[in-house]
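# Examination of the molecular architecture
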Amino acid sequence: MTAHRPTGAPAAAASADPAASAAGAAVHASAVHASAADDRIARGLVGGDEHCLAAAYQRWGRLVHTLAARALGDPREAEDVTQQVFVAAWRGRANFRPERGTLPAWLIGITRRKIADTLTARTRRTELAATLGASLEHQDRTDEEPQRILDRMVVTEELARLPRVQRDVLALAYFADLTQTQIADRTGLPLGTVKSHARRGLQRMRHSLELAGAGPAVGR
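About the cut-offs
Residues numbered from 1 in each chain as written. Predicted model: local features only at pLDDT ≥ 70, side-chain atom pairs only at ≥ 80, totals over all residues. Heavy atoms only, no water. Core = buried A, V, L, I, M, F, W, Y, C linked by side-chain atoms within 4.5 Å. Buried < 20%, exposed > 50% of the residue type's maximum accessible area, 1.4 Å probe, protein only. Helix = DSSP H or I, 4+ residues; strand = E, 2+ residues; numbered from the N terminus. Contact = heavy atoms within 4.5 Å. 1 Å grid on protein atoms, 1.4 Å probe; cavity = no way out; pocket = protein on both sides within 12 Å on 5 of 7 lines; lining within 4 Å. Points joined across faces, edges and corners; volume = space filled by probe spheres on them. Axes fitted to C-alpha atoms, helices over the stretch in contact; angles between N-to-C directions. Parallel < 35°, antiparallel > 145°, perpendicular 65-115°, else oblique. Left-handed = near helix turned anticlockwise from the far one by under 90°. Nonpolar A, V, L, I, M, F, W, Y, C, P; charged D, E, K, R; others polar. Phe/Tyr/Trp six-rings, centres within 6.5 Å; stacked < 30°, edge-to-face > 60°. Lys NZ or Arg CZ within 6 Å of the ring centre and 35° of its normal. Expected span 1.5 Å × (residues − 1). Polar contact = N/O pair within 3.5 Å; in protein donor to acceptor, adjacent residues only side chain to side chain.

Note that soluble globular proteins tend to have their nonpolar side chains buried in a common cluster. Val-85, Phe-86, Leu-103, Trp-106 and Leu-107 are the most contacted members of the largest nonpolar core, which has 21 residues in total. Elements with a minimum of two residues in this core: α2 (18–46), α3 (50–72), α4 (75–91) and α5 (103–137). In contact with Phe-86, not counting residues within four places along its chain, are Leu-53, Ala-56, Tyr-57, Trp-60, Gly-61, Val-64 and Leu-107. Leu-159, Leu-189, Ala-198 and Leu-202 belong to the second-largest nonpolar core, a separate cluster that totals 17 residues.

Shown next as structure tokens:
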């Protein structure tokens, strides 16, 4: 006796879509390959392979920068945070434990801490700048020479045109007469970051003053 298939119930072989199956298999293979590549990067980073550090930056640098930019609202600060994250990852690579989570998750954790540090440093700079401004406003300037007063006015005007971090760093250097090491200690910024902001800020100020054909000796 011949068994008949119920009407409306196509055979499994007939219902299978070869194209969909192939696409699904390709996606799965791609995911497996990416996971294996991530594992190799993680193992190499922990082992001190600088090529794997570069690979990690290429793989997740944009993610870190995006998170920092959204939190800070400043592309330049986000770039600094991104660099700090991967430097911290390299220096603290021995602390990474694959069994506790993936490498990108670990990097995101470092990113959050660096964002918090940057926001704290920003608050410190704002408070220092406000204190400095108040002290300058009430300072007795009767003994200052007219040229000195003009120099201060020119520098103050040029500082106002700089990005916030560069402005704060140079204001502390010029008006409070702090060294870069002291600025790093007071603001919580890494010394290398302070030097970078100071250098770029001075370059922009010099260029602006040269175009104006005037100005005090800034950073000379």
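Next up on the list: the layout of surface pockets. Sizing a probe to match a water molecule and rolling it over the atoms shows the empty space that remains. A volume near 230 Å³ is recorded for the second largest pocket. Considering the residues around the second largest pocket, the lining is formed by Asp-80, Gln-83, Gln-84, Val-87, Arg-91, Lys-114, Pro-190, Gly-192, Thr-193, Ser-196 and Arg-200. Tallying contributions element by element places α4 first for the lining of the second largest pocket, with five residues.

For the rest of this paragraph, the subject is the packing of α3 against α4. Between α3 and α4, the shortest axis-to-axis distance is 8 Å and the interhelical angle comes to 140°. Of the possible angle classes, the one that applies to α3 and α4 is oblique. At the point where α3 passes α4, the crossing takes the right-handed sense. On α4, the residues that touch Glu-50, Leu-53, Ala-56, Tyr-57, Trp-60, Gly-61, Val-64, His-65, Ala-68, Ala-69 and Leu-72 of α3 are Pro-75, Glu-77, Ala-78, Glu-79, Val-81, Thr-82, Val-85, Phe-86 and Trp-90. Considered class by class, the residues forming the contact of α3 with α4 number 14 nonpolar, three polar and three charged.

A separate point is the packing of aromatic side chains. All chains considered together, the criterion is met by two aromatic pairs. Aromatic pair Tyr-57 and Phe-86: ring centres 5.1 Å apart, planes at 70°, arrangement edge-to-face. With Tyr-57 in helix α3 and Phe-86 in helix α4, this residue pair connects regions lying 29 residues apart in the sequence. A relative accessible area of 41% places Tyr-57 in the partly exposed class. Judged by centre distance (5.3 Å) and plane angle (45°), the ring pair of Phe-96 and Trp-106 falls under tilted. One end of the pair, Phe-96, is in the loop between α4 and α5; the other, Trp-106, is in helix α5, with 10 residues separating them in the sequence. For the pair formed by Phe-96 and Trp-106, the shared burial category is buried. Over the ring of Trp-90 we find Arg-93; its NZ or CZ atom is 4.1 Å from the centre of that ring.

For α4, built from 17 residues, the straight-helix expectation of 24 Å at 1.5 Å per residue is met to within 8% by its first-to-last C-alpha distance of 24 Å. Buried residues of α4: Glu-77, Ala-78, Asp-80, Val-81, Thr-82, Gln-84, Val-85, Phe-86, Ala-89 and Trp-90, and no others. Measuring from the side-chain oxygen of the N-cap residue of α4 to the backbone nitrogen of Arg-76 gives 2.9 Å; that N-cap residue is Asp-74.

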